[in-house]
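So the chains spell out like this:
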Amino acid sequence: MAFIHLNKQGWCIILISLAVLFLYYLSGRGNIGHVHGTTVNLRELIKLSILLVEDAGFLIRSQYTTRNINPRIKSSDSGPKNEMLTDFDVLSHQLLVSGLANEFPDLKVISEEHPPTATSNSLVQRQRSNADLEISLPDIKFYVPVSDLTVWIDPLDATQEFSGYKVLSLIERKAHLYVHPSTTRRWDVCAAQAMLEAAGGRLTGLDGTRLTYHAKDSVKVSKSIGLFAAASISEHKKWLPVVSRLVMKT
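Quick caveat: nothing in here was measured; it's all calculated off a predicted structure.

> Help me understand the overall build of the protein chain in this model?
Scanning the protein chain from terminus to terminus reveals 8 helices and 11 strands. Per-residue burial for the protein chain yields a buried fraction of 47% across its 250 residues. Long-range contacts, defined as pairs at least 24 residues apart, comprise 79% of the intrachain contacts of the protein chain with a sequence gap of at least 6. Total accessible area on the protein chain stands at roughly 13000 Å², and carbon and sulfur atoms take up 56% of it.

Listed below in structure tokens is the structure:
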């Protein structure tokens, strides 16, 4: 059996991946006023992402009680053995990746599931109008080269790692530390890290390594790096040496 976690926070976490890309751009790309070649308006990218995530969430919730989720073992070289896959993972993947590709065909998108396939428009029911969303977003046009952007997508954070849920526990102060001394993958961590650090926390490898999300980065975060997260930067600094020593002894 597969456990499906479908609360609203679980869906919204996908969007936070864009924040990581934004921070990466600011930290390493210099003057944003001088760009060349194909560019992307980040405001429009974020707006579309919000609409797609809401659509995907509605689609799955509307079919959750009537559709067989069809749980099966995923065949993948990049993931752990016996990893589960459901029809809802595939539906969400198709809608999100195809939706981004239609509007931003040159954008690099890395998703946990297979490359995008066509999504039937009959499955998609827009939950919010563009005009409604326009009102809630800052009226700022921010253009960046499309070659500098990579979007990492975990279509449904519910069947294996639950990294997003664990980070939410830190943000809500239901926990202080999160230790993961084994292999994980960047799409499982990207959104969780962005959300935690936006809330004042810190997520790194167990050796203090700062994780990056470039297009050429390996999908895997190796066991030798692992993950260590804390609800605040001060707690991260305090406990990182202690936890690292304990993990190395095991």
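Text resumes after the structure shown.
> Explain the confidence of the model for the protein chain here, please?
Low-confidence regions, as indicated by low pLDDT, have predicted coordinates that should not be scrutinised in detail. Looking at the protein chain as a whole, the pLDDT averages 77, with 71% of positions reaching at least 70. Averaged pLDDT values over the elements of the protein chain bottom out at 48 in helix α1 (residues 8-12) and peak at 97 in strand β9 (residues 202-204). Every residue in residues 1-11 is under pLDDT 50, and counting partners more than four places away or in other chains gives 31 contacts.

> Is there a simple way to explain the packing of helix α6 (residues 163-171) against helix α7 (residues 186-198) in this structure?
A pair of packed helices is captured by two measures, namely the crossing angle of their axes and the spacing between those axes. Direction vectors running N to C along α6 and α7 enclose 15°, while the axes themselves pass 8 Å from each other. Regarding the angle of α6 to α7, the classification is roughly parallel. Pair α6 / α7 crosses with right-handed handedness. For the pair formed by α6 and α7, the contact residues are S163, G164, V167, L168, L170 and I171 on the first element and D188, A192, M195 and L196 on the second.

> I'm lost on α7 in this one. Help?
Owing to its 3.6 residues per turn, the α-helix brings residues three or four apart onto one side. In a regular helix each residue adds 1.5 Å, so 13 residues correspond to 18 Å; α7 covers 18 Å between its end C-alpha atoms and thus fits that length. The buried count for α7 comes to 11 of 13 residues, which makes it a mostly enclosed element. Within α7, burial applies to R186, W187, D188, V189, C190, A191, A192, Q193, A194, M195 and L196. One or two positions beyond α7, positive phi appears at G200, with a value near 100°.

> For this particular structure, what's the right way to read the packing of aromatic side chains?
The relation between two aromatic rings is expressed through the spacing of the ring centres and the mutual angle of the planes. Tallied over the full model, the rule gives 1 aromatic pair. Residues W152 and Y213 carry aromatic rings whose centres are separated by 6.3 Å and whose planes lie at 75° to one another, so their mutual orientation is edge-to-face. Remark: Y213 occurs in the loop between β9 and β10 (220-221) and W152 occurs in strand β6 (residues 150-153); sequence separation between them is 61 residues. The exposure classification of W152 matches that of Y213, with both residues buried.

> Can you help me understand the sheet that holds strand β11 (residues 227-230) in this one?
Where strands meet in a sheet, backbone hydrogen bonds hold them as pairs that are either parallel or antiparallel. Strand order in the open sheet made by the 3 strands is β7-β11-β9, with antiparallel pairing throughout. At either margin of the open sheet sits one strand with a lone partner, and together these are β7 (177-180) and β9. Put simply, the sheet's adjacent strands are angled 5° from each other on average, direction ignored. Bridge count between β7 and β11: 4 bridges; the pairing is antiparallel. Across the sheet, the residue bridging to H180 is L227, located in β11.

> Explain helix α8 (residues 233-249) here, please?
Taking 1.5 Å of rise per residue, the 17 residues of α8 would be expected to cover 24 Å, and the 25 Å separating its terminal C-alpha atoms lies within 8% of that figure. Of all bends in α8, the biggest is about 40°, found at W239, and the proline P241 comes one to four residues later. Within the span of α8, buried status applies to E235, H236, L240, V243 and S244. Looking at the buried side of α8, the elements it contacts are β7, β9 and β11.

> Would you explain unusual backbone geometry in this entry?
Residues apart from glycine generally show negative phi values, whereas peptide bonds are mostly found in trans. Even without being a glycine, R173 presents a positive backbone phi close to 60°. Of note, R173 is situated in the loop between α6 and β7.

> What exactly am I supposed to notice about the nonpolar core here?
When a protein is soluble and globular, its nonpolar side chains tend to lie buried together. By size, the foremost hydrophobic cluster in this structure holds 24 residues, and its most contacted members are L45, L100, L107 and L149. Of all the secondary-structure elements, those providing two or more residues to this core are α3 (42-63), α4 (87-103) and β6. The leading source of residues in this core is α3, at 8 residues. Listed in part, the 19 residues of the second largest apolar core include L168, A192, L203 and L227.

Cut-offs and rules
- Residues numbered from 1 in each chain as written.
- Predicted model: local features only at pLDDT ≥ 70, side-chain atom pairs only at ≥ 80, totals over all residues.
- Heavy atoms only, no water.
- Helix = DSSP H or I, 4+ residues; strand = E, 2+ residues; numbered from the N terminus.
- Buried < 20%, exposed > 50% of the residue type's maximum accessible area, 1.4 Å probe, protein only.
- Contact = heavy atoms within 4.5 Å.
- Areas by Shrake-Rupley, 256 points an atom, 1.4 Å probe, with all protein chains shown as cover.
- pLDDT = per-residue confidence, 0-100.
- Axes fitted to C-alpha atoms, helices over the stretch in contact; angles between N-to-C directions.
- Parallel < 35°, antiparallel > 145°, perpendicular 65-115°, else oblique.
- Left-handed = near helix turned anticlockwise from the far one by under 90°.
- Expected span 1.5 Å × (residues − 1).
- Phe/Tyr/Trp six-rings, centres within 6.5 Å; stacked < 30°, edge-to-face > 60°.
- Pairing = 2+ DSSP bridges.
- Bend = angle between axes of the 7 residues up to and from the residue.
- Core = buried A, V, L, I, M, F, W, Y, C linked by side-chain atoms within 4.5 Å.

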